[in-house]
Amino acid sequence: MGAVKTKRMPRAVREQQMLDAAVRIFGQRGYMAASMDEIAELAGVSKPLVYLYLNSKEDLFTACIRREAGALTQAVRAGVRAGLPADRQLWDGLQAFFAHTADHPDGWSVLHLQARTHGESFAAEVSAMREEIVAFVTQLIAEAARAAHRDPDLPEREVAGLAEALVGAAESLAAWANATDGVTAGEAASTLMNFAWSGLGNLMQGRPWVPPQG
């Protein structure tokens with residue numbers, strides 16, 4: 001195969017083109033199986049140019065994680081309108097989350113599967129994104145508790161645990177939805193709201209589930 005001829009374009013544009021190709025290859029083939037040759041060919045550039053811009057396979061993968069994580073958190077935040085009731089904000093955020101993961105399945109594969117299983121530094125990048133989303137959900141749950149006027153001071157540890165559980169469920173459901181034909185973002189969001197928020201609603205109204213005695 002001869003050298004790939006490239007057209008001159010701004011560095012930032014060319015770099016995003018390389019990242020697009022890398023996310024696709026990493027997401028579909030996995031980090032270990034992906035090759036820089038494949039990524040360069042899909043991007044329409046030479047392999048030396050990929051190395052010139054992004055240094056190494058590890059740096060390229062890190063750049064992919066950071067870009068996809070930033071895009072996902074931005075999509076969730078953009079989908080939520082301040083001033084609405086907490087359940088409506090969560091509903092809008094979940095729809096935005098599931099719509100983004102459905103529209104970017106390779107990016108979600110990079111974040112949810114590849115980054116978590118191929119090294120501590122990669123996993124740390126995803127953890128930072130996850131912590132931001134968990135903090136956002138924690139705030140919504142705390143606001144809902146205050147708005148209920150029944151238990152405005154849920155223990156901080158309980159609120160944090162509820163947020164972790166909700167985000168974990170969303171991550172698992174997104175993986176399932178992407179692997180299941182015909183599941184829409186709205187259906188996935190509705191499933192999680194029925195599973196989680198109905199229970200949270202009871203908790204806010206002072207009707208928590210209590211373990212049986214004995």
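Residues numbered from 1 in each chain as written. Predicted model: local features only at pLDDT ≥ 70, side-chain atom pairs only at ≥ 80, totals over all residues. Heavy atoms only, no water.

Here alanine 128 shows up in helix H7 (residues 120-148). Considering only alpha carbons, one finds alanine 128 and alanine 69, 59 residues apart in sequence, at a separation of 8.9 Å. (Helix = DSSP H or I, 4+ residues; strand = E, 2+ residues; numbered from the N terminus.)

Let us now look at the packing of helix H6 (residues 105-117) against helix H8 (residues 156-179). One can describe the packing of H6 onto H8 by two numbers: an axis separation of 11 Å at closest approach and a directional angle of 125 degrees. When the axes of H6 and H8 are compared, the pair comes out oblique. You can see that H6 and H8 cross each other, and the crossing is left-handed. In this structure, H6 contributes Pro105, Trp108, His112 and Arg116 to the contact, and H8 contributes Glu171, Ala174, Ala175 and Asn178. Considering only residue class, the contact of H6 with H8 consists of four nonpolar, two polar and two charged. (Axes fitted to C-alpha atoms, helices over the stretch in contact; angles between N-to-C directions. Parallel < 35°, antiparallel > 145°, perpendicular 65-115°, else oblique. Left-handed = near helix turned anticlockwise from the far one by under 90°. Contact = heavy atoms within 4.5 Å. Nonpolar A, V, L, I, M, F, W, Y, C, P; charged D, E, K, R; others polar.)

Another point: helix H2 (residues 36-43). Of the residues making up H2, those classed as buried are Met36, Ile39, Ala40 and Ala43. Take H2 and look down its axis: the buried residues cluster within an arc of 95 degrees, on one side only. Where H2 is buried, its residues touch helix H1 (11-29), helix H3 (47-54) and helix H4 (57-79). Among the residues trailing H2, glycine 44 stands out with phi positive, at a value near 75 degrees. (Buried < 20%, exposed > 50% of the residue type's maximum accessible area, 1.4 Å probe, protein only. Arc of directions from axis to C-beta.)

The next thing to look at is H8. Look at H8: 35 Å from first C-alpha to last across 24 residues, which is about the 34 Å you get at 1.5 Å a residue. Looking only at H8, the buried set comprises Val159, Ala163, Leu166, Val167, Ala170, Glu171, Leu173, Ala174 and Ala177. (Expected span 1.5 Å × (residues − 1).)

A few words now on the confidence of the model for the protein. Confidence in the prediction of the protein, expressed as mean pLDDT, is 86, and 86% of residues score 70 or more. For the protein, the element scoring lowest by mean pLDDT is helix H9 (residues 185-204), at 81; H4 scores highest, at 94. (pLDDT = per-residue confidence, 0-100.)

We now examine the packing of aromatic side chains. Enumeration according to the criterion identifies seven aromatic pairs in this entry. Between the aromatic rings of tyrosine 31 and phenylalanine 122, the centroid separation amounts to 5.4 Å while the plane-to-plane angle is 65 degrees, which identifies the pairing as edge-to-face. Separated by 91 residues along the polypeptide, tyrosine 31 in the loop between H1 and H2 and phenylalanine 122 in helix H7 bring together distant segments of the chain. Residue phenylalanine 122 is classed as buried on the basis of its relative accessible area of 5%. Look at phenylalanine 97 and tryptophan 108: their rings are 5.5 Å apart centre to centre, the planes differ by 85 degrees, and that puts the pair in the edge-to-face class. In this pair, phenylalanine 97 is assigned in helix H5 (residues 86-103) and tryptophan 108 in helix H6, connecting sequence segments 11 residues apart. Judged by relative accessible area, phenylalanine 97 falls into the buried class, the value being 7%. The class for tryptophan 108 is buried, based on a relative accessible area of 6%. The structure contains a cluster of three or more aromatic residues connected by ring pairs, namely Phe26, Tyr31, Phe61 and Phe122. Residue placement shows arginine 11 over the ring face of tyrosine 53; its charged tip is 4.2 Å from the ring centre. (Phe/Tyr/Trp six-rings, centres within 6.5 Å; stacked < 30°, edge-to-face > 60°. Lys NZ or Arg CZ within 6 Å of the ring centre and 35° of its normal.)

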